[in-house]
Amino acid sequence: MSSDIAIRVEHLSKCYHIFDKPVHRLYRMLQRGNKRHGREFWAVEDVSFEIHRGETVGIIGRNGAGKSTLLQMVCGTLNQTTGTVIVNGKIAALLELGAGFNPEFTGRENVYLAASLYGLSTAEVTKRFDAIAAFADIGDFIEQPVKTYSSGMFVRLAFAVIAHVDADILVVDEALSVGDAYFQQKCMRFLNEFQRRGGTLLFVSHDMGTVNALCASAILLRRGSDGRYLCDAGTAKDISTIYLREMYADRIELSSIDAVPVVDEPSPKSTPDADNIVDGPMAFLAKSPPTRFHASSFRSDTEGFGALGGIITGAWFRGINGETLTEFTSADQVTLVVRAHTYKAMTYPAIGFMVKDRKGQYVLTESTDSYLRAQSITAPADTDIEAEFSMRMPNLVRGEYTLDVAFAEGPGLDHVQHHWLHDVMIINVINNHVVHGIAGAPSLSVRLVVGNAGTG
Ligand SMILES: Nc1ncnc2c1ncn2[C@@H]1O[C@H](COP(=O)(O)OP(=O)(O)OP(=O)(O)O)[C@@H](O)[C@H]1O
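Residues numbered from 1 in each chain as written. Predicted model: local features only at pLDDT ≥ 70, side-chain atom pairs only at ≥ 80, totals over all residues. Heavy atoms only, no water.

Quick notes on the overall build of the protein chain
The number of helices and strands found in the protein chain is 9 helices and 26 strands. Across the 456 residues that make up the protein chain, the buried fraction comes to 41%. Sequence-distant contacts in the protein chain: of pairs separated by 6 or more residues, those separated by 24 or more amount to 74%. When the accessible surface of the protein chain is split by element, carbon and sulfur atoms take 54% of a total near 24,200 Å². (Helix = DSSP H or I, 4+ residues; strand = E, 2+ residues; numbered from the N terminus. Buried < 20%, exposed > 50% of the residue type's maximum accessible area, 1.4 Å probe, protein only. Contact = heavy atoms within 4.5 Å. Areas by Shrake-Rupley, 256 points an atom, 1.4 Å probe, with all protein chains shown as cover.)

Shown next, in the form of structure tokens:
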């Protein structure tokens, strides 16, 4: 196999035997495969593809499409019925909660057990144990049997192990990333670094935004309308477009079958809300509902880096009366204050912030640098500096976000990063009307004119 191929799958299939009653499985075993009992179910059929080293590939398909079955065969934890899998390099996977763990063993014992399955010697695990425990960050639970763990703790420990076994290929099911926002950001940083070092990543996801953000290419598994099993590979953009098109095509079919004419509801014409009627009987105007935000307090014990000529010491949202805000909306004028402290005299001190979504993508960033560069600001040693960013927050899609803050010195790209702190604050966004993309348009009003469209 060419040395730049990490995985080659050829005509791979998996057939399960389904039995209506448990006893039928026994009959079949006793009668050496007599097919009278049970029936065959092909979970994966005649799949072929190649993945190059260093590629990040999204594995997509609806529930039951065969993603886990395929990847378990790729990882060697499930035998195929037919076909071949060739893997070039060490592969580690986070596909099933608790796979490779013994529930009766403690977290520590399971680290040794799981890492040994990836070929690490006891001495090698001992050398890495502290780093694994620090990554998992589950405190004293590391000495408890894993059967007492929450699913979040399981994932933390399992991810910590696969992050420390020097895998060349990682297989991660996004559905298992059930950790909190801090842990999720830690995993995303690890995966970004793994990609940067040339690792090959297979990422199972149902979220096309994530697939497009993380992956260059994707593989789509499904059964066609004629019942044939299909596997398409291509760019993430093309494959996610096929997936969404097919999913919505099905929904349109369903809704047209299910649609029942509604006769009792008032027609738009008779809507009694006079505020909605602007000009003419068929024009409707609505105000965009504000998005609600909840901001946690500042946390300084998070991961960070920098030359430490100064440090970030605080960050909070402030209202127009100077009060600290934990709850606000997109309609409110708010100020994000970021405070730093200098340990040395600085020329051009600059402070910036970045709001990240759960996948680690920056959705909102700002810095004092581009606004204040011309003003040649200096700051003596041992001084507090505050940056104030006054704004209205955009209508971000519902979810959990985190805030990174950074303190640098020097203009533009020619700067020293003194302190970059990850995830100093969690920002929860409650938005019931924006469901796609990153944010809703900052609409002043939304109007629908029925009948006279185009007349002004
Ligand atoms: N041990 C088994 N015996 C019989 N059928 C099985 C077995 N394991 C999986 N299947 C079936 O194989 C099909 C593919 O399952 P698989 O778990 O691979 O799908 P998936 O794409 O990973 O789904 P999801 O997105 O829900 O995790 C499903 O119809 C499932 O019911």
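Moving on, there is more to tell.
Focus: the pattern of salt bridges
Applying the stated criterion to the full structure yields 18 salt bridges. Notably, a salt bridge pairs R196 with E193, separated by 2.8 Å at the nearest N-O pair. Note that R196 and E193 are positioned in helix α6 (residues 181-196) at a spacing of 3 residues, about one turn of the helix. R196 sits in the exposed class, given a relative accessible area of 62%. Note that K344 and E409 form a salt bridge whose closest N and O atoms lie 2.9 Å from each other. Residue K344 is located in the loop between β16 (334-342) and β17 (346-347), and its partner E409 is located in strand β23 (residues 399-409); the two are separated by 65 residues in the primary sequence. (Salt bridge = Lys/Arg side-chain N within 4 Å of Asp/Glu carboxyl O.)

Quick look at the environment of E45
Within the secondary structure, E45 is located in strand β2 (residues 39-52). For the pair E45 and H11, spaced 34 residues apart in the sequence, the C-alpha separation amounts to 7.5 Å. Contacts of E45, omitting those with residues within four sequence positions, involve L12, S13, R223 and Y229. At a separation of 3.1 Å, a polar atom in the side chain of E45 contacts the side chain of R223. (Polar contact = N/O pair within 3.5 Å; in protein donor to acceptor, adjacent residues only side chain to side chain.)

Thoughts on the sheet that holds strand β14 (residues 324-325)
If you walk across this open sheet you meet the 4 strands as β14-β13-β16-β21, and the pairing is antiparallel. Two strands close off the open sheet at either side, each with one partner strand: β14 and β21 (384-391). (Pairing = 2+ DSSP bridges.)

A closer look at the side chain of S217
Of note, S217 is situated in strand β8 (residues 217-223). Engagement of the side chain of S217 in a polar contact is seen with the side chain of E55, the distance being 2.7 Å.

Digging into the packing of aromatic side chains
Per the stated rule, a full pass over the model turns up 14 aromatic pairs. Ring centres 6.0 Å apart and planes at 85° place the aromatic pair F135 and F183 in the edge-to-face group. Taken as a pair, F135 in helix α4 (residues 122-136) and F183 in helix α6 lie far apart in primary sequence, 48 residues in all. An identical accessibility class is assigned to F135 and F183; each is buried. Relative to F183, the ring of F159 has its centre 6.3 Å away and its plane inclined at 85°; by these criteria the two rings are edge-to-face. (Phe/Tyr/Trp six-rings, centres within 6.5 Å; stacked < 30°, edge-to-face > 60°.)

Digging into the pairing of β23
When you tally the buried positions in β23, you get 9 out of 11 residues, the bulk of the element. Alignment of strand β18 (residues 349-356) against β23, held across 8 bridges, turns out to be antiparallel. Each residue of the ladder has a partner; that of F353, found in β23, is V405. As defined by bridge partners, β23 adjoins strand β24 (residues 416-430) across 10 bridges and the pair is classed as antiparallel. Note on β24: the bridge partner recorded for L403 is M425. Between β23 and β24, which pair antiparallel and follow one another directly, the connecting turn spans 6 residues, one of which, G410, has a positive phi of 110°.

Here we look at the side chain of T335
Mapped onto the secondary structure, T335 falls in strand β16. At 2.8 Å, the side chain of T335 forms a polar contact with the side chain of S390. Those residues in contact with T335 that sit more than four places away from it in its chain are W316, F317, R318, E388, F389 and S390.

Here we look at the sheet that holds strand β4 (residues 82-87)
Spatially, β2-β1-β4 is the arrangement adopted by the 3 strands of the open sheet, whose pairing is antiparallel. Where the open sheet ends on each side, the last strands, each with one partner, are β2 and β4. For this sheet, the mean angle separating the axes of adjacent strands, direction not counted, is 20°. Pairing of strand β1 (residues 5-18) with β4 involves 5 bridges; the strand directions are antiparallel. (Axes fitted to C-alpha atoms, helices over the stretch in contact; angles between N-to-C directions.)

Quick notes on α4
Within α4, the axis deviates most sharply at R128, by approximately 50°. Among the residues of α4, those classed as buried are V125, F129, I132, F135 and A136. Immediately beyond the C-terminal end of α4, within one or two residues, lies D137, with a positive phi of roughly 55°. (Bend = angle between axes of the 7 residues up to and from the residue.)

A short note on the environment of Y229
Tracing the backbone shows Y229 in strand β9 (residues 229-235). In this structure, the C-alpha to C-alpha distance between Y229 and G66, residues 163 residues apart in sequence, is 9.9 Å. Setting aside residues no more than four positions away along its own chain, Y229 makes contact with A43, V44, E45, V47, A65, G66, L221, R222 and R223. Of note is the side chain of Y229, whose polar atom sits 2.6 Å from the backbone oxygen of A65.

Thoughts on the site of the ligand
Within the structure, the ligand sits among 13 residues, and G64, G66, K67, S68 and T69 are positioned closest to it. A distance of 3.0 Å separates an oxygen atom of the ligand from a polar side-chain atom of N63. The contact in question runs from an oxygen atom of the ligand to an N or O atom on the side chain of K67, over 2.7 Å. With the chains in place, 60% of the 640 Å² that the ligand exposes on its own is no longer accessible. The set of elements that each furnish at least two residues to the shell around the ligand consists of β1, β2 and α2 (67-75). A total of 3 residues in the shell around the ligand trace back to one element, the largest contributor, which is α2. Classifying every residue of the shell around the ligand gives 5 nonpolar, 6 polar and 2 charged. (Near = heavy atom within 4 Å. Nonpolar A, V, L, I, M, F, W, Y, C, P; charged D, E, K, R; others polar.)

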